[in-house]
Amino acid sequence: MKKMLMPSMMCVDILRLREHLDLFEKVGVDALHIDVMDGHFVPNLQLGVDYCRYLASATDLPLDYHFMVEEPEKIIPWFPIRKGDLVSLHVEGTGHVCRALDAVVKKGAVPMVALNPGTPLSVLDELYDMIRGVLLMTVNPGYAGQTMIESTLGKIERLHAILAEKGRTDIGIEVDGQVGKNFARMLRAGAGLFVLGSSDYLDTDDLDLLAARTAGYRRLLEAEA
Ligand code: DX5
Ligand code: ZN
């Protein structure tokens, strides 16, 4: 899968949403990351159906949904998921991962699974044929502005090696949690899809600085290609 830069919308100042969307379109980010939290799977509530409907009508940028919810198979059909959007659901949230992935495929979106930092990669063994990406959480899901869990860097490397051995370059590795500060290390480890949250990215309200930071991350991606 191609390498992607994806701002995390929960970190965008809601009162300046339109300005941010215009900037993201202008600087050419690849998708917008949407954190959906249900207050059960994670101890927080975030971005709902109406907000996503607004975003889907306000921009043609693809949306990268991250469902941190219990029983995602019940909730995914509520969302205005478009063809070409990306959808990650946590394997820890459901006993029916395959059914939940089916719900994503039915929408014409890119099916992906997300893993908490403590969930081993072996859970993917039965899923490789059904997915086009794996979102590796590099912090515990639920909040922006935490500290990266160091062991997750080795996990990115190990998944990268497994995918290379299987010849599955079509499966992308997404990283989420303190990505900005650790961008170069994550890229070297084999990550390809980068969620840019409060870490060295959306912690500023200076849009020129944000444009410069986006260009800086893009240069790092291009240098690695
Ligand atoms: C955390 C969310 C992230 C969040 C990352 O549970 O999934 O998308 O925005 O924010 P930072 O980059 O601040 O860790
Ligand atoms: Zn996320």
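Described in the following lines is the structure provided in the data block. Each chain has its residues counted from 1, following the order in which its sequence is written. Chains and ligands are labelled by the order in which they are written, letters from A for the one and numbers from 1 for the other. Selection of residues for local features in this predicted model requires a pLDDT of at least 70, selection of side-chain atom pairs for listing and counting requires 80 or more, and totals for whole chains, interfaces and linings are taken over all residues. Here the side-chain values reflect all heavy atoms present in the structure, with hydrogen atoms and water set aside.

## Quick notes on the pairing of strand β5 (residues 110–115)
Filter applied, for reference: Burial here depends on accessible area, computed with a 1.4 Å probe over protein chains only, as a share of the maximum for the residue type. Under 20% is buried, over 50% is exposed, and the range in between is partly exposed. Think of it this way: any DSSP run of H or I at least four residues long counts as a helix, any run of E at least two long counts as a strand, and we number them from the N terminus. Only when DSSP finds a minimum of two bridges between them are two strands counted as paired.
By the criterion of burial, β5 is predominantly enclosed, with 6 of the 6 residues buried. The side-chain alternation of β5 yields two buried faces, one formed by Val110, Met112 and Ala114 and the other by Pro111, Val113 and Leu115. Strand direction decides the pairing type here: strand β4 (residues 86–90) and β5, joined by 5 bridges, are parallel. The partner of Ser88 across the bridge, within β5, is Met112. Both β5 and strand β6 (residues 133–137) contribute to a ladder of 4 bridges, which runs parallel. Bridging across to β6, Met112 finds its partner in Gly133.

## Looking at empty space enclosed by the protein
For clarity, the threshold we go by: Any residue with an atom within 4 Å of a point lines the site, the site being either a cavity, points on a 1 Å grid over the protein atoms alone where a 1.4 Å probe fits but cannot get out, or a pocket, an open set with protein on both sides within 12 Å along at least 5 of 7 lines. Grid points are joined across faces, edges and corners, and a volume is the space filled by probe spheres set on the points. Residue polarity follows a fixed list, in which Ala, Val, Leu, Ile, Met, Phe, Trp, Tyr, Cys and Pro are nonpolar, Asp, Glu, Lys and Arg are charged, and the others, Gly among them, are polar.
For the coordinates displayed, the defined rule picks out 1 cavity of 30 Å³ or more. Computed from the structure, the largest cavity encloses a volume of approximately 200 Å³. When residues of the lining of the largest cavity are traced back to their parent elements, those giving at least two are β2 (32–37) and β3 (63–68). Of the residues assigned to the lining of the largest cavity, the class counts are 11 nonpolar, 11 polar and 2 charged.

## Section: the coordination of the zinc ion (ligand 2)
Worth spelling out the cut-off: With water excluded from the atoms, a metal site may look incomplete; its donors are any N, O or S atoms within 2.8 Å, or within 3.2 Å for Na, K and Ca. Tetrahedral means four donors with every angle between 85 and 135 degrees, whereas square planar (four donors) and octahedral (six donors) require angles over 155 degrees between opposite donors and between 65 and 115 for all others; sites fitting neither are termed irregular.
On the protein side, the zinc ion (ligand 2) has His33 (NE2), Asp35 (OD), His66 (ND1) and Asp176 (OD) as donor atoms, found 2.0 to 2.3 Å from it. Viewed at the metal, the 6 donor atoms of the zinc ion (ligand 2) are separated by angles of 67 to 166 degrees, and the geometry they form is octahedral. Here the donor residues of the zinc ion (ligand 2) share one chain and are spaced in sequence as H-x1-D-x30-H-x109-D. As far as the burial class goes, His33 and Asp35 line up, both buried.

## Here's the deal with helix α2 (residues 49–58)
We count it as follows: Contacts were defined at the residue level, with two residues in contact if any of their heavy atoms lie within 4.5 Å.
Burial in α2 covers these residues: Val49, Tyr51, Cys52, Leu55, Ala56 and Ala58. Close packing links the buried residues of α2 with α1 (17–27), β2 and β3.

## Section: the pattern of salt bridges
Basically, it comes down to this: Throughout this description, the term salt bridge denotes a Lys or Arg side-chain nitrogen within 4 Å of a carboxyl oxygen of Asp or Glu.
Under the defined criterion, the tally for this structure stands at 11 salt bridges. A salt bridge links Arg53 to Asp50, with the shortest nitrogen-to-oxygen separation between them at 3.1 Å. Of the two residues, Arg53 and Asp50 are both situated in helix α2; the distance of 3 residues between them amounts to about one turn of the helix. Since its relative accessible area comes to 45%, Arg53 is described here as partly exposed. Residue Arg185 is joined to Glu150 by a salt bridge in which the shortest nitrogen-to-oxygen separation is 3.0 Å. Of the two residues, Arg185 sits in helix α6 (residues 183–189) while Glu150 sits in the loop between β6 and α5 (151–166), which places them 35 residues apart along the sequence. Exposure remark for Glu150: the relative accessible area of 49% places this residue in the partly exposed category.

## Comments concerning the site of ligand 1
For clarity, the cut-off: Residues are counted as near a molecule or strand when any one of their heavy atoms sits within 4 Å of it. Between N or O atoms, a polar contact is any pair within 3.5 Å; within protein, one atom must be a potential hydrogen donor and the other a potential acceptor, and residues adjacent in sequence are included only when both atoms are from side chains. For the accessible areas, the method is Shrake-Rupley and the probe is 1.4 Å, while residue cover comes only from the protein chains on display.
Close to ligand 1 lie 19 residues; Ser8, Asp35, Gly142, Asp176 and Ser198 are nearest. Contact distances for ligand 1 include 2.6 Å between an oxygen atom and a side-chain N or O atom of Ser8. Between an oxygen atom of ligand 1 and a side-chain N or O atom of Ser198, the distance comes to 2.5 Å. Its free accessible area being 380 Å², ligand 1 has 100% of it covered by the protein chains. Elements with a contribution of two residues or more to the shell around ligand 1: β2 and β3. Looking at the shell around ligand 1, its residues break down into 7 nonpolar, 10 polar and 2 charged.

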